[in-house]
Amino acid sequence: MRISLLLVISLLLQTGVSAQTDSVARAEELLDAGDAPKAIVLLDGLLQAAPEDARALLLRSTARFYLGERESGEADLRRALALDPSQRQGWLNLAALELSDANYDVAYENFVQAQKLDPEAVDNHLNLGAALLFAGRLEESSEHFQKHLARPSRSGDDYYLVATNYAMAGYSALAMRHLSQAVQLDEKVRLRARTDSNFARLAETPGYQSLLETDVFVPPPGSLTASHTYSVPYSSDGGRLVGAILNALTELRLPYDRRVEVTPAWTLIWADIRIKAGTDSGTGRGLVFLSAPAASFTPQSWHQREDALFRQIEIELEKNRAPLRRFQ
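Let me sum up the structure you'll find in this document. (Residues numbered from 1 in each chain as written. Predicted model: local features only at pLDDT ≥ 70, side-chain atom pairs only at ≥ 80, totals over all residues. Heavy atoms only, no water.)

1. Let's talk about the overall build of the chain
A tally of regular secondary structure across the chain gives 15 helices and five strands. The C-alpha extent of the chain, read off along each of the three principal axes, is 70 × 45 × 35 Å. Residue burial in the chain is summarised as follows: out of 328 residues, 47% are buried. The long-range share in the chain, meaning contacts at least 24 apart out of those at least 6 apart in sequence, stands at 61%. (Helix = DSSP H or I, 4+ residues; strand = E, 2+ residues; numbered from the N terminus. Buried < 20%, exposed > 50% of the residue type's maximum accessible area, 1.4 Å probe, protein only. Contact = heavy atoms within 4.5 Å.)

2. Points about the side chain of His 144
Structurally, His 144 can be placed in helix H9 (residues 138–149). We classify His 144 as buried; its relative accessible area is 13%.

3. A few points about the environment of Ala 107
Residue placement: Ala 107 occurs in helix H7 (residues 104–117). Sequence spacing of Ala 107 and Arg 26 is 81 residues, and the spatial spacing of their C-alpha atoms is 30 Å. Once residues lying within four places of it in the same chain are set aside, the contact partners of Ala 107 are Ala 95, Glu 98, Leu 99 and Ala 131.

4. Examining the nonpolar core
Leu 43, Ala 56, Leu 77, Leu 94, Leu 99, Tyr 108 and Phe 111 are the most contacted members of the largest nonpolar core, which totals 35 residues. Secondary-structure elements contributing two or more residues to this core are helix H2 (22–32), helix H3 (36–49), helix H4 (54–66), helix H5 (70–83), helix H6 (88–100), H7 and helix H8 (124–134). If we ignore the near neighbours within four places in the chain, the residues touching Tyr 108 are Leu 128, Ala 131, Leu 132 and His 144. Ile 275, Val 288, Trp 302 and Ile 313 belong to the second-largest nonpolar core, a separate cluster that totals 28 residues. (Core = buried A, V, L, I, M, F, W, Y, C linked by side-chain atoms within 4.5 Å.)

5. Observations regarding the sheet that holds strand S5 (residues 286–292)
Taken in spatial order, the five strands line up as S1-S5-S4-S3-S2 in an open sheet, and their pairing is antiparallel. Where the open sheet ends on each side, the last strands, each with one partner, are strand S1 (224–230) and strand S2 (261–262). One ladder, built from seven bridges, connects S1 with S5; its direction is antiparallel. Across the sheet, residue Thr 225 finds its bridge partner in S5, namely Ser 291. (Pairing = 2+ DSSP bridges.)

6. Details of the side chain of Asp 257
Turning to its location among the elements, Asp 257 is positioned in the loop between helix H14 (240–251) and S2. Asp 257 sits in the buried class, given a relative accessible area of 17%. Within the structure, Asp 257 has its side chain in polar contact with the side chain of Arg 259 (distance 2.6 Å). (Polar contact = N/O pair within 3.5 Å; in protein donor to acceptor, adjacent residues only side chain to side chain.)

7. Quick look at H3
With 14 residues, H3 extends 20 Å from end C-alpha to end C-alpha; this agrees with the ideal 20 Å at 1.5 Å per step. Those residues of H3 that sit buried are Ala 36, Ala 39, Ile 40, Leu 43, Leu 46 and Leu 47. In a view along the axis of H3, the buried residues occupy a sector of 130°, so they form one face of it. Residues Lys 38, Val 41, Gln 48 and Ala 49 are exposed on H3 and point more than 90 degrees away from its buried face. Among the structural elements, H2 and H4 are those in contact with the buried residues of H3. (Expected span 1.5 Å × (residues − 1). Arc of directions from axis to C-beta.)

As structure tokens, then:
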């Protein structure tokens, strides 16, 4: 199995590394902004004056990789590490290069070099586990993944990244187990998984479909909650109820995450409160359910928020008796 170089580089590229000169710092800003051509022009000038500037070489190598200039990018990268082997990011990028060429054992050794330079870096065990996994060393790989997930600061994103590695390597059961744990910690990763090609092998399996269609969220004890039913039914194609909710948020000037999650049974919208649209099981009417952490509102402000939102949804439904929005 071959892994996209640009995919791995984008995952490994770290920001915030102190620059040696103002020119290098500016080139790094351009690269972070996605302007690789301008970064290269700046770095070319710098390297003409200082051809052994290892940091500039490392940045130019990354810019060249983004532009698809594999051979010259690799030459810059290896030269940068020869001049200054203390550049941890260089070893990470070289490991990414070897991963993309399916040289998994070599990639592992490069990740080991990166680990030596910063033994406490949070990505060490994830990187080492990934290289071992693709090398076919499942048991050793899983040990590293478990160490990565044993950190007190672990998040849904950590479980998600482990799940993607298992999925790409063809370990569907392990991928599903970790993806399920990721969703338990952060339900927004479920939406991310819907369009992630790394899970292509799982896309048609019942377990994966069930995970995507099931809302496992339960408001913690003490959470603020409220619900209201409407005469219109819920529809997953962006019908009147979902459209009215989005228009109500706009009218009330309440910012919300534009990544709306839509399924046949429910739709989730995240603002400073969680908004779920679905069907009331008893009446078949459209149901809107609101929830928020207990400390996020005073009782009075919560009552004002739910009252204003429910009322505005009703207004929007009256204003628009035809479907408002359609999701693709």
